Amino acid sequence: MFDPISADRRDESRAPSRSPARCGFFREGDTLVCDGVPVAEVAEALGTPLYVYSAASIRQAYRALDDAFAGWPHRIHYALKANSTLAIVRLLQRLGGGVDANSIGEIDVALRAGFTPAAIVFSGVGKSPDELERAVPLGLKAINAESAGELDRIDRIARARGVRARVALRVNPDIDALTHHHISTGHRGSKFGVPLEQARAVCRDAAGRPGLHLVGLHVHLGSQMVVLDPVSQGAEALVELAGQLGEDGIGLEHLDLGGGLGISYDGSAVPTAADYAAAILPAVRRSGLALAVEPGRAIVGAAGALVGRVVDLKDFPGGPRFAVLDAGMTELIRPALYDAFHRIEPLVSRAGEPAPYDVVGPVCETSDAFAQDRRLPPLEVGDLVAVLDAGAYGTAMASTYNRRPLPAEAVVDEGRWAPVRRRQTIADMMALES
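Residues numbered from 1 in each chain as written. Predicted model: local features only at pLDDT ≥ 70, side-chain atom pairs only at ≥ 80, totals over all residues. Heavy atoms only, no water.

### Considering unusual backbone geometry
The following threshold applies: Put simply, DSSP marks the helices as runs of H or I at least four residues long and the strands as runs of E at least two long, and each gets a number from the N terminus on.
Here the bond from Thr-48 into Pro-49 is cis, since omega is -5 degrees, no more than 30 degrees from zero. Mapped onto the secondary structure, Pro-49 falls in the loop between helix 1 (39–46) and strand 4 (50–54). One non-glycine residue, Asn-402, adopts positive backbone phi at about 65 degrees. With respect to the element layout, Asn-402 can be found in the loop between strand 19 (384–387) and strand 20 (408–413). The backbone of Arg-403 sits at a positive phi, close to 55 degrees, despite the residue not being glycine. Locating Arg-403 in the fold gives a position in the loop between strand 19 and strand 20.

Written as structure tokens, this is what we have:
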């Protein structure tokens, strides 16, 4: 079986910055394909529920962002929280990026994928004592500290270990990200960061501590942002603070503007990578500091699809017509959690007049639904269906609720596909229990 990660050892960072004219998921006649490979071929071989990813789409999205910031010192730190499947993380390591980790587990994944500690920034609002004890000696690019108390804990650990920990302060600038309230993180009511008006004093204190090396400032306003005014405001706020610290004699190395660039789930226009860079770079250039950004969804969101099989069709007089899939909120929780929209398509379109369906999952929750009143070609039990744009916050947020095993995953690359994660079994699930 082809292995898209180990079979080809070329240096992705030096490969031509070209991707196929068309990559990802599209239709060839009546058939949904991923980079030219019929998705049904993968699903019939591996079963469902199943995640399928396009390696070419990931490369294309990463390079678009990297190219957009060309001409200014920068690094793309892929946000592992979007999707930390090892094969995908390895692919991004070969592209030359860094990573943003939100737990010691994600740091372990990054190291296993080949990233050096200097390519890792460690974020997260509640880093445990064990996580800090393990992270401080690694020599990470930066630990993005969330509070004065966390800086104090890092300082004590670093002095006890005889090292200086590289830290950046996460600032909360009280800016509305204009996105869903569950994923808006830069306003005063959120749990993240230090209020902007307190940040200068906190940085002064950190700069004077023997166990700390203050190397940067960090801000992350939210996720799935499709309006860029907040991004520009966040950059301006961080640059102004960096200037104030310069007046205090505190020199920094970089500004970390976080991530959050949105993708189009419904076909509507969204900002491009070039638009995103244009919103950030004018302020950053004035600072003279290197730039770090932490995109996740923008790199992998459109590159993945969740494939499920229709296991039942039912309707009630005066009620909706249900298409029940073997995939549900345990595989993709975004619709239940955020009322998120995802395009849904049969892998092979059946002839006939489209009809409205409520596309739902098998989990014992009314919220286990992907779509309501969605017009689809006629469906029959046994048909395969794809929920598109599911590469981000899909498998990463999957659960075993109802004792449902985690799904299998596969990557398509250069016209071939390979499994990169086998389906979990009940035995796997029970192995930790007594």
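Once you've had a look at it, read on.
### Thoughts on the sheet that holds strand 3 (residues 37–38)
This is how the line gets drawn: The pairing criterion is simple: DSSP has to find at least two bridges between the two strands.
The strand order across the open sheet built from three strands is 1-2-3, with neighbouring strands paired in antiparallel fashion. Two strands in the sheet have a free side with no partner beyond their single neighbour: strand 1 (25–28) and strand 3. Bridging between strand 2 (residues 31–34) and strand 3 involves two bridges; their strand directions are antiparallel. Its bridge partner lying in strand 3, Val-33 is registered against Pro-38.

### Some details on the pattern of salt bridges
Heads up, the rule is: Definition used for salt bridges: Asp or Glu carboxyl oxygen within 4 Å of a side-chain nitrogen of Lys or Arg. For each residue, the accessible area found with a 1.4 Å probe, counting protein chains only, is set against the maximum for its type, and the residue is called buried under 20%, exposed over 50%, and partly exposed in between.
Taken as a whole and judged by the stated rule, the model has 25 salt bridges. A salt bridge links Asp-413 to Arg-59, with the nearest nitrogen and oxygen atoms 2.9 Å apart. Taken together, the residues Asp-413 in strand 20 and Arg-59 in helix 2 (residues 55–68) connect sequence positions 354 residues apart. In this pair, the class of Asp-413 matches that of Arg-59, namely buried. Arg-159 is the partner of Asp-155 in a salt bridge, and the nearest nitrogen-oxygen pair spans 3.2 Å. Remark: Arg-159 and Asp-155 occur in helix 6 (residues 148–161); sequence separation between them is four residues, near one turn of the helix. Salt bridges linked by common partners bring Asp-152, Asp-155, Arg-156, Arg-159, Asp-205 and Arg-209 together as one network.

### Digging into the packing of helix 3 (residues 86–94) against helix 4 (residues 104–112)
As a reminder of what qualifies: The axes used here are C-alpha line fits, helices contributing only the stretch in contact, and every angle between their N-to-C directions lies in the interval 0 to 180 degrees. Roughly parallel means an angle under 35 degrees; roughly antiparallel, over 145; roughly perpendicular, 65 to 115; everything else is oblique. The handedness criterion is simple: a crossing whose near helix is rotated anticlockwise from the far helix by less than a right angle is left-handed, and one whose near helix is rotated clockwise is right-handed. Note on contacts: a residue pair qualifies if any of its non-hydrogen atoms lie within 4.5 Å across the two residues. Any residue outside Ala, Val, Leu, Ile, Met, Phe, Trp, Tyr, Cys, Pro, Asp, Glu, Lys and Arg is labelled polar, Gly included; the first ten of those are nonpolar and the last four are charged.
Here helix 3 crosses helix 4 at 60 degrees, and the two axes come no closer than 9 Å. By the angle between their axes, helix 3 is oblique relative to helix 4. Once helix 3 is placed against helix 4, the crossing between them reads as right-handed. Contact with helix 3, carried on its side by Leu-86, Val-89 and Arg-90, involves Val-109, Ala-110 and Arg-112 of helix 4 and no other residues of that element. Per-class residue counts for the contact of helix 3 with helix 4 are four nonpolar, no polar and two charged.

### Topic: helix 3
Within the sequence span of helix 3, burial applies to Ala-87, Ile-88, Val-89, Leu-91, Leu-92 and Arg-94. On its buried face, helix 3 is in contact with strand 4, helix 2, strand 5 (74–79), helix 4, helix 10 (297–300) and strand 21 (416–421). The first or second residue beyond helix 3 is Gly-96, which carries a positive phi of 100 degrees.

### Regarding the packing of helix 2 against helix 9 (residues 273–287)
Running from N to C, helix 2 and helix 9 point in directions that differ by 35 degrees, and their axes come no closer than 8 Å. Once helix 2 is placed against helix 9, the crossing between them reads as right-handed. Contact residues: helix 2 offers Ala-64, Leu-65 and Ala-68, while helix 9 offers Ala-273, Ala-274, Tyr-276, Ala-277 and Leu-281. Classifying every residue of the contact of helix 2 with helix 9 by side-chain character gives eight nonpolar, no polar and no charged.

### As for the pairing of strand 9 (residues 165–172)
Note the threshold: For crossovers, right-handed means that the path from the first strand over the helix to the second runs clockwise, given strands pointing away from the viewer.
Most of strand 9 is tucked away, with seven of its eight residues classed as buried. Bridge analysis of strand 8 (residues 142–145) against strand 9 gives three bridges, and the strand direction is parallel. Its bridge partner being in strand 9, Ile-143 is matched across the sheet by Val-167. Read from strand 8 through helix 6 to strand 9, the crossover connection turns out right-handed. Across two bridges, strand 9 lies against strand 10 (residues 194–195) in parallel orientation.

### Some remarks on the environment of Arg-209
What counts here: Contacts described as polar in this section are N or O atom pairs within 3.5 Å, which, within protein, must combine one atom able to donate a hydrogen with one able to accept it, while residues neighboring in sequence count only if both atoms come from side chains.
Along the chain, the position of Arg-209 falls in the loop between helix 7 (196–207) and strand 11 (212–218). Distance from Arg-209 to Asp-155, taken between C-alpha atoms, is 6.9 Å for residues 54 residues apart in sequence. If we skip the residues at most four places from it in the chain, Arg-209 touches Asp-152 and Asp-155. Side-chain polar atoms of Arg-209 contact the side chain of Asp-152, separated by 2.9 Å.

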